[in-house]
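Summary of the model geometry
What follows is the residue order along each chain.
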Amino acid sequence: MKDFHMRTVIRALITLVFAMVAASASWAQGSYQIQPGDALQVEVLEDPTLNRTILVLPDGSINFPLVGSLRAAGQSTNGLSSSLSSALSSNFNTPPTVFISVASLAPPPLQGALVPTGPTIDVFIMGEVNAPGKHIATEGTTILQILAQAGGLTNFAARKRIELRRPDTKTGVMNRYTYNYKGSGGGIQGNTLLKPGDVVVVPARRLFE
C-alpha cells in the first residue's frame, strides 16, 4: 500500500515539474522581444492554410498574407499575436485565434567574419518571398541565388510565373523576362546573372494554379 501511495506521489511530482517547465517556457516566449532575423512560427486556428514560418526582416517588419507588412521587432510574441489577429479580423467573422512562437533566434554576428570586398549590386525583390525588399548581392549572383537570399518562396508563390524586370540603360524601357522556378518551359534559366537595378517579381498564384 505504501508503494502504491509513493508511486502516486512521484507521478504527481513529475506532472507538476513538467507543468512548471511548460509554464516557464511559455512565459519566456511571451516576454521575449522579437528581433530582426528571428524566425517565427505562426498558426491561425481558424485557417490552417495561413500557418507558416516567417522571417523578421532587417527593418523589423514581417510580411503576412492578407495583411501585408506588419511591425514585429520590439514586440512580444503575445503582443504580435494580438496585432496579427486584429489585422486579419476583416477577413473573418470574428478576430481569429493566432499563436506565434519563436522558431529560431537571429544568428549572432560572426566574429572575425570576412566582409566581401568585391563589387556589389542592388537587386530588388517583390511579392511572394519571405524577405522582400532591397538586397545587396555580389556581382555574379544568379536569379536562383537571390531568391534563396530572400528566404525562398512562400507557399502562395506562382513558381512558373516569376519575372525578372530589367531596365534598358539606353531607352529606359523595362524589359520583362519569365523564369520558371521548376526549371521547365521557356524563359530565362536559374543561372541567369543579375545586373544592377534588376527587379525580381514573384506573383501570387491563382486559385487553381
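Residues numbered from 1 in each chain as written. Predicted model: local features only at pLDDT ≥ 70, side-chain atom pairs only at ≥ 80, totals over all residues. Heavy atoms only, no water.

Before going further, it helps to examine the overall build of the chain. Each helix and strand counted, the chain has three helices and ten strands in total. Taken from the N to the C terminus, the helices and strands of the chain come in the order α-β-β-β-β-α-β-β-β-α-β-β-β. The proportion of buried residues among the 209 residues of the chain is 32%. In the structure as shown, the chain presents an accessible area of about 13,000 Å², 60% of it carried by carbon and sulfur atoms. (Helix = DSSP H or I, 4+ residues; strand = E, 2+ residues; numbered from the N terminus. Buried < 20%, exposed > 50% of the residue type's maximum accessible area, 1.4 Å probe, protein only. Areas by Shrake-Rupley, 256 points an atom, 1.4 Å probe, with all protein chains shown as cover.)

For the rest of this paragraph, the subject is the pairing of strand E4 (residues 68–71). Of the pairings in the sheet, the one linking strand E3 (residues 61–64) to E4 comprises four bridges and is antiparallel in character. Residue Phe64 lies in a different strand from E4, and its bridge partner there is Gly68. A loop of three residues connects E3 with E4, the two strands running antiparallel in sequence, and Leu66 in this loop sits at a positive phi of about 70°. (Pairing = 2+ DSSP bridges.)

Strand order in the open sheet formed by three strands is E2-E1-E5, and the pairing between neighbours is antiparallel. At either end of the open sheet lies a strand with only one pairing partner, and these are strand E2 (52–55) and strand E5 (98–104). On average, each strand axis in the sheet is tilted by 30° relative to the strand beside it, whichever way the strands run. The pairing of strand E1 (residues 39–44) with E2 spans four bridges and is antiparallel. (Axes fitted to C-alpha atoms, helices over the stretch in contact; angles between N-to-C directions.)

Here we come to the sheet that holds strand E6 (residues 120–127). Taking strand neighbours across the sheet as the criterion, the five strands line up as E7-E6-E10-E8-E9 in an open arrangement whose pairing is mixed. Edge positions in the open sheet fall to strand E7 (133–138) and strand E9 (174–179), since each of these has one partner strand only. Strand-to-strand twist across the sheet, computed as the mean angle between neighbouring axes with direction ignored, equals 25°. With three bridges joining them, strand E8 (residues 162–167) and strand E10 (residues 199–202) adopt antiparallel strand pairing. Among the inter-strand pairings, Arg165 is bridged to a residue of E10, identified as Val199.

To continue, consider the environment of Gln75. If you trace the backbone, Gln75 turns up in the loop between E4 and helix H2 (77–88). In this structure the C-alpha to C-alpha distance between Gln75 and Tyr32, which are 43 residues apart in sequence, comes to 7.9 Å. The contact partners of Gln75, leaving out residues within four places of it in the chain, are Tyr32, Gln33, Ile34, Leu80 and Ser83. Of the polar contacts made by the side chain of Gln75, one reaches the side chain of Ser83; its length is 3.3 Å. (Contact = heavy atoms within 4.5 Å. Polar contact = N/O pair within 3.5 Å; in protein donor to acceptor, adjacent residues only side chain to side chain.)

This part takes up the packing of aromatic side chains. According to the stated counting rule, one finds zero aromatic pairs in the structure shown. The ring of Phe64 has Arg52 lying over it, and the distance from NZ or CZ to the ring centre is 5.6 Å. (Phe/Tyr/Trp six-rings, centres within 6.5 Å; stacked < 30°, edge-to-face > 60°. Lys NZ or Arg CZ within 6 Å of the ring centre and 35° of its normal.)

With that out of the way, let us pick up the confidence of the model for the chain. The share of residues in the chain with pLDDT of 70 or more is 78%, and the mean pLDDT across the chain is 80. Across the chain, the secondary-structure element scoring lowest on mean pLDDT is helix H1 (residues 2–31), at 50, and the one scoring highest is H2, at 94. Low pLDDT, under 50, characterises residues 110–114; the stretch is placed with zero contacts to residues that sit more than four places away or in other chains. (pLDDT = per-residue confidence, 0-100.)

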